[in-house]
Protein chains: 2
Amino acid sequence: MRNIKLIIEYDGSRYCGWQRQKGETTIQQVLEDTLEKLCGEKVQLTGSGRTDSGVHARGQTANFHTRSKIPPDRFSYALNTLLPRDIRIISSEEAGADFHARFSAKAKKYRYSIVNNRHGTAIGWQYYYHVPMHLDIEAMEKAVKHFEGTHDFAAFMAAGSPVKSTVRTIYEAKMVREGDFIHFFFTGDGFLYNMVRIMAGTLIDVGKGKISPDSIPGIILSRDRTQAGPTAPPHGLTLEEVYYENIPVRDA
Amino acid sequence: MRNIKLIIEYDGSRYCGWQRQKGETTIQQVLEDTLEKLCGEKVQLTGSGRTDSGVHARGQTANFHTRSKIPPDRFSYALNTLLPRDIRIISSEEAGADFHARFSAKAKKYRYSIVNNRHGTAIGWQYYYHVPMHLDIEAMEKAVKHFEGTHDFAAFMAAGSPVKSTVRTIYEAKMVREGDFIHFFFTGDGFLYNMVRIMAGTLIDVGKGKISPDSIPGIILSRDRTQAGPTAPPHGLTLEEVYYENIPVRDA
């Protein structure tokens, strides 16, 4: 049995998220069904983690075991001829026998993107959360840095998520502005359920003047979900990259 | 009667082009129906020109006459609350009585975008024509410049288009590369039917080595459609801007 690692890009707009669910079209299901056609056997695909309905990925990573004789690097070409245009395989390669897309992951990078003007954007509307109000850019830039470091992020987790520990390390949190478009990037060793979307919603509340940038550390310490901002909608979120080797080091 | 000028951005993916057609969803129809709700009267919208099914616009321009008392600059806000997310009004203003979105237009700028790699792009797949073959970038950069100037572009027009003259002036033709993405920009006093898509298809053939860059002047002189390359698909095309005042001057 070969263990094949795939790097996958997708536009999540048309899908009910990553995870296979009865009666719904999901990324995992489309990929597993396509792999089954290609390999002539049932294939179980393990993703680095789930993404919610409407969330996108530029570097989702997954692995599967197969008896197929297709050379590992040819899977990407073969899959791309069969997959819809909104799911693309960036690369395929043979991984070590112990490689597991979820358990071997050392870190992930997410992006949350907003368009900040009166009218929004028609071109690329699927990829940006539209915020029409004036945003205080400096305040947001100051606030985003407070997320860096090792913290208990319980205040930034959807209520009722079953996890052992709510402590996570964010190696880098930054904001990049390109005209009317604002991107937040978060690189960390792991993320709680809805954590990036709640951090984004909180940063937008900072921009609106509802939360002061220096109150972020206090909100983190509170461990109280009601202290943080709202959960920003899924379509602004993209899983950018999953890291398996070197953990990206935060700027000194 | 007031004459209102709109600048409109749209993602053409879901629409059968600009022009109202029986039984089809088009940009013009959606806008006219929305304006009718807003103004309480039938509204006839005049666009700067048609765009085909699947073609996008960042700066389509249109005008309409109305007895409505809505202040001209408020139309954009009011329309944006009623329109779908893939059609946005960038601005609305009162225009002179003789302003006509089509006949007053002095020049237009179009963009044609391709993604040039093996796998294509999932994010933004609606906006890029996927060309998986290796392209000779230098040859394409050389070729694109041959389109500048005043020429008879009959070889770059869909067969059977009824026009008086096939002479057009291209003020600027350029290519911009951003990683795997290549954009062609054409600014001219007017464009024949499918002209930008045929120029793009010809440039891609130059990139593939099927046409030499220096044979472009000869293809133009031939006035023969069969000498030029294929018509590139609509989804790579975006109407960027319509100019009514200063004609943008080409770099010396």
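Rules of the game
Residues numbered from 1 in each chain as written. Chains lettered and ligands numbered in written order. Predicted model: local features only at pLDDT ≥ 70, side-chain atom pairs only at ≥ 80, totals over all residues. Heavy atoms only, no water. Salt bridge = Lys/Arg side-chain N within 4 Å of Asp/Glu carboxyl O. Helix = DSSP H or I, 4+ residues; strand = E, 2+ residues; numbered from the N terminus. Buried < 20%, exposed > 50% of the residue type's maximum accessible area, 1.4 Å probe, protein only. Pairing = 2+ DSSP bridges. Domains from an automatic or database assignment. Buried area = accessible area lost by both parts, 1.4 Å probe. Polar contact = N/O pair within 3.5 Å; in protein donor to acceptor, adjacent residues only side chain to side chain. Nonpolar A, V, L, I, M, F, W, Y, C, P; charged D, E, K, R; others polar. Contact = heavy atoms within 4.5 Å. Axes fitted to C-alpha atoms, helices over the stretch in contact; angles between N-to-C directions. Left-handed = near helix turned anticlockwise from the far one by under 90°. Least-squares fit on C-alpha atoms with pLDDT ≥ 70 in both. Core = buried A, V, L, I, M, F, W, Y, C linked by side-chain atoms within 4.5 Å. Phe/Tyr/Trp six-rings, centres within 6.5 Å; stacked < 30°, edge-to-face > 60°. Lys NZ or Arg CZ within 6 Å of the ring centre and 35° of its normal.

Draft legend 1. How the structure looks around the pattern of salt bridges. Residue and element names in this part refer to chain A. Applying the stated criterion across every chain yields a total of 24 salt bridges over all chains. For the salt bridge of Arg 14 with Asp 86, the shortest nitrogen-to-oxygen distance reads 2.7 Å. In this pair, Arg 14 sits in the loop between β1 (2–10) and α1 (27–39) while Asp 86 sits in the loop between α2 (75–82) and β4 (87–94), placing the two residues 72 residues apart along the sequence. Across the pair Arg 58 and Glu 240 runs a salt bridge, and its minimum N-O distance is 3.2 Å. Placement of the pair is Arg 58 in strand β3 (residues 56–66) and Glu 240 in strand β10 (residues 237–243), with a sequence separation of 182 residues.

Draft legend 2. Spotlight on the pairing of β10(A). All names here are of chain A. The element β10 is largely enclosed, with a buried count of six among its seven residues. Judged from the six bridges that link them, strand β5 (residues 107–115) and β10 form a sheet pairing that is antiparallel. The residue of β10 that forms the bridge with Arg 111 is Thr 238.

Draft legend 3. How the structure looks around the domain arrangement of chain A. All names here are of chain A. For chain A, the assigned domains read domain 1 (2–94) and domain 2 (107–243). Summed over both sides, the interface between domain 1 and domain 2 buries roughly 1,100 Å², with carbon and sulfur atoms accounting for 48% of that surface. On the domain 1 side of the contact with domain 2, Asp 52, His 56 and Arg 58 bury the most area, a combined 43% of that side's loss. At the boundary of domain 1 with domain 2, the tally comes to two salt bridges. In this structure, the connection of domain 1 to domain 2 is made through 12 residue pairs in polar contact (both at pLDDT 80 or more). Looking at the side of domain 1 that touches domain 2 residue by residue, the classes come out as two nonpolar, 10 polar and three charged.

Draft legend 4. The interface of chain B and chain A, seen in detail. With 26 residues of chain B in contact, the opposing surface of chain A contributes 26 residues. Overall, the association of chain B and chain A removes approximately 2,200 Å² of surface from exposure, summing both partners, and the carbon and sulfur fraction of that is 57%. Counting across the interface, chain B meets chain A through zero salt bridges. Across the chain B-chain A interface, the total number found is 14 residue pairs in polar contact (both at pLDDT 80 or more). For the side of chain B that touches chain A, the secondary-structure elements that each account for two or more residues are β1 (2–10), β3 (56–66), α2 (75–82) and β4 (87–94) of chain B. Looking at the side of chain B that touches chain A element by element, the count peaks at four residues for β4(B). Here the residues of the side of chain B that touches chain A sort into 10 nonpolar, nine polar and seven charged.

Draft legend 5. Up close: the packing of helix α3 (residues 137–145) of chain B against helix α4 (residues 195–207) of chain B. Residue and element names in this part refer to chain B. For the pair α3 and α4, the least separation of the axes is 8 Å and the interaxial angle reads 145°. In this structure, the crossing between α3 and α4 has a hand that is right-handed. Here α3 contributes Ala 139, Met 140, Ala 143 and Val 144 to the contact with α4, which in turn contributes Leu 203, Val 206 and Gly 207.

Draft legend 6. Molecular detail of the packing of helix α1 (residues 27–39) of chain B against α2(B). Residues and elements named next belong to chain B. Their axes nearest at 10 Å, the elements α1 and α2 cross at an angle of 115°. Pair α1 / α2 crosses with right-handed handedness. In contact with Thr 34, Leu 35, Leu 38 and Cys 39 of α1, α2 contributes Phe 75, Ala 78, Leu 79 and Leu 82. A breakdown of the residues in the contact of α1 with α2 according to their chemical character gives seven nonpolar, one polar and no charged.

Draft legend 7. Representation of unusual backbone geometry within the structure. Residues and elements named next belong to chain A. Here Asn 194, not a glycine, exhibits a phi torsion of approximately 70°, which is positive. Within the element layout of this structure, Asn 194 appears in the loop between β9 (181–188) and α4 (195–207). For Asn 194, a relative accessible area of 16% puts it in the buried group. Not every positive phi belongs to a glycine, and Arg 223 is a case in point at roughly 55°.

Draft legend 8. How the structure looks around the relation of the copies chain B and chain A. Mapping chain B onto chain A leaves a residual RMSD of 0.0 Å; the transformation is a rotation of 180° accompanied by 0.0 Å of translation along its axis. This pairing of chains is accounted for by a two-fold axis. Residue Gly124(B) of chain B places its C-alpha closer to the rotation axis than any other residue of that unit, at 3.4 Å. A share of 100% of the interface residues of chain B reappears at the interface of chain A, consistent with the copies meeting face to face through the same patch.

Draft legend 9. Region of interest: the nonpolar core. Membership of the largest hydrophobic core comes to 67 residues, with the highest contact counts inside it found for Phe147(A), Phe156(A), Phe184(A), Phe186(A) and Met199(A). Among the elements that line this core, the one with the most residues is α4(A), at eight residues. The residue makeup of this core includes at least three contributed by each of domain 1 (2–94) and domain 2 (107–243) of chain A. The contacts of Phe186(A), once residues within four sequence positions are left out, are Lys108(A), Lys109(A), Tyr110(A), Val144(A), Phe147(A), Ile170(A), Glu172(A), Ala173(A), Phe191(A), Val196(A), Met199(A) and Leu203(A). The next biggest cluster of nonpolar side chains, apart from the first, holds 66 residues, and it includes Leu83(B), Ile137(B), Met140(B) and Ala173(B).

Draft legend 10. Broad picture of the packing of aromatic side chains. Residues and elements named next belong to chain A. In total, this model carries 16 aromatic pairs over all chains according to the counting rule given. An aromatic cluster is defined as three or more aromatic residues linked by ring pairs; in this entry it consists of Phe 147, Phe 153, Phe 156 and Phe 186. Sitting over the face of the ring of Phe 185, Lys 174 holds its NZ or CZ atom 5.8 Å from the ring centroid.

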